[in-house]
Each structure stands twice: as C-alpha cells, then as structure tokens.
Amino acid sequence: YQKLLGRILDLTAPKPPAKMNGVDESDSNTPVQEPKPQYISSRNINVSFDKAWLTDENDVERYLETLRIALLEEIHNGKRIQI
C-alpha cells in the first residue's frame, strides 16, 4: 500500500517547466524540490516503552507521550505515516 501511495504521488506531481532553446525561463526562480515522501505503516514504528502492559492511567499517558515522540520523529525524517 505504501508503494502505491508513492506511485500515486509521482503520477500526480506537477511537471517541471520545459527548457526552451537550452534556457530555462525559471532559472532565477527555481523552486527547491522537496524530497519525495516515504510512506510507512504505523505498525512499523518502534515505540520504546519500559513496560509490557499498561496497568493504570499514568502508564497510558506515558505510553502515549512516547508514541507521540516516535511519530513526530518519523515525520521530521520526511516520512508519512499510514494509520
């Protein structure tokens, strides 16, 4: 599924302007190309948590904070997460 999402993004991305007579009219305003996003499943994100079970509200809150940090780290690395 992640490969299909990447392919759809490739097919729907705007094409760069064509060069005319060897001169690109947009040379002075050349946009910076962003890296192609990589799609990953939320199941593939490793959440480091020190317990195997959640037993109270405090455990849930700590786990959710750990999960939040792991998700944001992947996003900051240019990935998109399928949930």
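Novice: Provide a residue-level description of a nonpolar patch on the surface, including the pertinent values.
Specialist: Taken together, the side chains of Leu54, Val60 and Leu64 make up a nonpolar region of the molecular surface, amounting to roughly 240 Å² of accessible area. Along the polypeptide, leucine 54 turns up in the loop between strand 1 (38-41) and helix 2 (57-76). Overall, leucine 54 belongs to the partly exposed group, its relative accessible area being 44%.

Novice: Could you give an account of the side chain of glutamate 74, with specific residues and numbers?
Specialist: Within the secondary structure, glutamate 74 is located in helix 2. Under the relative-accessibility criterion, glutamate 74 is labelled buried at 16%. Those residues in contact with glutamate 74 that lie beyond four places of it in its chain are Ile40, Ile45, Lys79 and Ile81.

Novice: So what's going on with the side chain of serine 41? Which residues, and what values?
Specialist: Turning to its location among the elements, serine 41 is positioned in strand 1. The exposure class of serine 41 is buried, given its relative accessible area of 12%. Not counting residues up to four positions away in its chain, the partners in contact with serine 41 are Gln2, Ile81 and Gln82.

Novice: Hey, could you go over the pattern of salt bridges for me, with residue numbers and the actual values?
Specialist: If you walk through the whole model with that rule in mind, you get three salt bridges. For aspartate 50, the salt bridge goes to arginine 62, with nearest N and O atoms at 2.7 Å. Here aspartate 50 is found in the loop between strand 1 and helix 2, whereas its partner arginine 62 is found in helix 2, with twelve residues between them in sequence. In this structure aspartate 50 comes out as exposed when scored by relative accessible area, which is 64%. A salt bridge links lysine 51 to aspartate 59; the shortest N-O distance between them is 3.0 Å.

The rules behind the values
- Residues numbered from 1 in each chain as written.
- Predicted model: local features only at pLDDT ≥ 70, side-chain atom pairs only at ≥ 80, totals over all residues.
- Heavy atoms only, no water.
- Patch = residues over 30% accessible without salt bridge, like charges linked within 9 Å, V, L, I, M, F, W, Y side chains within 5 Å.
- Areas by Shrake-Rupley, 256 points an atom, 1.4 Å probe, with all protein chains shown as cover.
- Salt bridge = Lys/Arg side-chain N within 4 Å of Asp/Glu carboxyl O.
- Helix = DSSP H or I, 4+ residues; strand = E, 2+ residues; numbered from the N terminus.
- Buried < 20%, exposed > 50% of the residue type's maximum accessible area, 1.4 Å probe, protein only.
- Contact = heavy atoms within 4.5 Å.

That is the geometry; function is a separate question.
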